[in-house]
Amino acid sequence: MNMNDMLSPTVKNMPPSGIRKYFDLLNEMKDAISLSVGEPDFVTPWNIREAGIFSLEKGQTHYSSNAGLIELRNEIAKYMDNRFGLKYDPKEEILVTVGASEAIDLALRALIVPGDEVIIPEPSFVAYKGCAMLTGAVPVIIELKAEDQFRLTPEALEKAITEKTKVVIIPFPNNPTGAIMTRKDIEGIVEVLKDKDVVVISDEIYAELTYEGEHVSIATYPEMKEKTLVINGFSKAFAMTGWRIGYACGHSCLIDSMKKIHQYAIMCAPTNAQHAAIEALRNSYDDVCMMVREYNRRRKLMVDGFRKAGLDCFEPLGAFYVFPCIKSTGMSSDQFCEKLLMEEKVLVVPGTAFGDCGAGFVRATYASSVENIIEAMKRIKRFVEKHRSLHI
Amino acid sequence: MEEILEILKNNSRLNCEEIAVMLGKSAEEVKDTIKKLEDEGVIVGYNTLINWEKVNREMVTALIEVKVAPQRDKGFDKVADRIYRFPEVKACYLMSGGFDLTVIVEGKSIKQVASFVAEKLAPIESVLSTSTHFVLKKYKDDGVVFEKKEKDDREAIVL
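Residues numbered from 1 in each chain as written. Chains lettered and ligands numbered in written order. Predicted model: local features only at pLDDT ≥ 70, side-chain atom pairs only at ≥ 80, totals over all residues.

*Asks:* Where do I start with the interface of chain A and chain B in this structure?
*Replies:* A common way to express how large an interface is: the accessible area buried when the components associate. Taken together, the 14 residues of chain A in the interface contact 10 residues of chain B. Of all the secondary-structure elements, those providing two or more residues to the side of chain A that touches chain B are α3 (20-27), α13 (285-308) and α15 (370-391) of chain A. Each residue belonging to the side of chain A that touches chain B can be placed in one class, and the counts come to six nonpolar, three polar and five charged. (Contact = placed C-beta atoms within 7 Å. Helix = DSSP H or I, 4+ residues; strand = E, 2+ residues; numbered from the N terminus. Nonpolar A, V, L, I, M, F, W, Y, C, P; charged D, E, K, R; others polar.)

Next comes the structure, spelled out in structure tokens:
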């Protein structure tokens, strides 16, 4: 038997990650600065870690209920209300998942019939398209543009919707561009969607990391509340990536279906991580604010660095990424990243890893120390100046 | 202004230009603000936090609990002043509870600290008693953990 022939063609046809090769190169390098992995450099605040340890000491080593600990769902309900003005019933409308990624997967699996269209704005997190394809959905890509500050416009959305559209993914604050949607932007989207039978999956994992104005969830609009699934989690805001706790909030019908898949595939999110997450929501908001202030300073430092290096760089107002345009260097995204790593030992990620329309851009994360950022920006400036002179 | 302090607290080696970028202000503004904070005695110094255990240098630290008789009109301030002026004294705090002053003293040897206590500190008129505790190991100082961070040697994470 040839195992390769046994594999699902859908999985075989999924493109391999475009950034893997750089990580392999990076691992062999000394003094390299990686601005590539989208995770906080902060370690989880100690009180949260301590709560996780205490839960183990108490012997809380069993499954939790499938939907997640009710205490945690209660805290999530309170948080969603206090922070974003969203009211959910913790018993019926909230599901605790293994990271926000699982919630994306569950939502698509619960909704999609093969052939349904899923609208995905790009550049964006790679999992939307991947998970959509696994369900047999047809991904419909909206190319976000630098001249629109990488925001989703009502016109582009309207054009992408067909009779087959089942789901629209709204990924803001955005990975990799750092774009946000203001209240006005969201209102435009609401106008397009309010009378349509289309489910919105609003991935708000970076909501806390909004540096100007308030994060606005599309679910706060009454006409959108029922048809929107809000996805969030602890990874980014609370620096808890490795704990794998996310959650989905939405219509009880959808949550119930997602719970079915979740209980077959996963059972429940890790119990001790859920206890740590309760502590995070109860007592760590000051830490979140401290980290957000720090990210904001690094953000300005990095944007300034790219601009001083002579690259066009739109100002990202959310998440922890900067998405400069590197077309003026005459290199492709891939060439830029490979050469930058080999010549200056700085790793950034090609924009193409987040969709074809990311061509000509790279993603750098400022979830890295100020010292690292200052040094990396020096190297990038040297690199760009050298190559620009070669290019001209 | 408070944000400048937050930045400098974590890293006093950043220059005005860098801080200015981080705050979206001009370097001049930052320079002026820092100058003002220095003049007002808000910023009182720029130190380097050193783990002396890594350097082959004899050094002992003692925490001394001191009971004193407060003086009329002057309270504890006068006697505290007498104590903290000694260069051996690295820190001096007025305390609530069972004793009055915490005095942190550094010296080259236990003997040197002991003689400081016996000859300088204890004989001060209003000092009623002292209780000296030597530090055996410093794990964390001024918010910084001394233990070296473990290297991040995870295999590739792709996302």
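Having seen it, we continue.
*Asks:* Which parts of the structure should I look at to understand the domain arrangement of chain A?
*Replies:* All names here are of chain A. Entries for chain A in the domain assignment read domain 1 (3-43 + 286-391) and domain 2 (46-283). Just the C-alpha atoms count here: the centres of domain 1 and domain 2 sit 25 Å apart. Across the boundary between the two partners, domain 1 contributes 30 residues, which contact 33 residues of domain 2. Elements with a contribution of two residues or more to the side of domain 1 that touches domain 2: α13 and β9 (321-322). Tallied by class, residues from the side of domain 1 that touches domain 2 come to 20 nonpolar, seven polar and three charged. (Domains from an automatic or database assignment.)

*Asks:* Sorry, what's going on with helix α11 (residues 252-265) of chain A here?
*Replies:* For the α-helix, the turn length of 3.6 residues means that residues three or four positions removed from each other point alike. Residue and element names in this part refer to chain A. When the terminal C-alpha atoms of α11 are compared, their 20 Å separation across 14 residues agrees well with the 20 Å that a helix rising 1.5 Å per residue should span. Three or more residues of α11 are buried, namely L254, I255, M258, K259 and H262. Down the axis of α11, the buried set is contained in an arc of 135°. They therefore lie on one face. Exposed side of α11, more than 90 degrees from the buried face: C253 and Y264 are the residues found there. (Expected span 1.5 Å × (residues − 1). Buried ≥ 20, exposed ≤ 12 C-beta atoms within 10 Å, placed from the backbone. Arc of directions from axis to C-beta.)

*Asks:* I would appreciate a short explanation of the domain arrangement of chain B in the present structure.
*Replies:* Each assigned domain of chain B is listed with its residue range as follows: domain 1 (2-39) and domain 2 (58-137). Here the C-alpha centre of domain 2 of chain B lies 35 Å away from the C-alpha centre of domain 1 of chain B.

*Asks:* Could you clarify how one ought to interpret the packing of helix α5 (residues 70-84) of chain A against helix α12 (residues 271-283) of chain A in this entry?
*Replies:* Residues and elements named next belong to chain A. Between α5 and α12, the shortest axis-to-axis distance is 9 Å and the interhelical angle comes to 30°. Put simply, α5 runs roughly parallel to α12. In the packing of α5 onto α12, the handedness of the crossing is left-handed. Between α5 and α12, the residues in contact are E71, L72, E75, I76 and Y79 and Q274, A277, I278, L281 and R282, respectively. (Axes fitted to C-alpha atoms, helices over the stretch in contact; angles between N-to-C directions. Parallel < 35°, antiparallel > 145°, perpendicular 65-115°, else oblique. Left-handed = near helix turned anticlockwise from the far one by under 90°.)

*Asks:* Any chance you could explain the nonpolar core here in plain terms?
*Replies:* In globular proteins that are soluble, nonpolar side chains generally tend to be buried together. One finds A:A107 and A:A248 to be the most contacted residues of the largest nonpolar core, which totals 131 residues. Beyond its immediate stretch of four places on either side in the chain, A:A248 contacts A:L95, A:T97, A:A103, A:A107, A:L229, A:I231, A:I255 and A:M258. Residues B:A62, B:A80, B:F116 and B:L121 belong to the second largest nonpolar core, which totals 14 residues. (Core = buried A, V, L, I, M, F, W, Y, C linked by C-beta atoms within 7 Å.)

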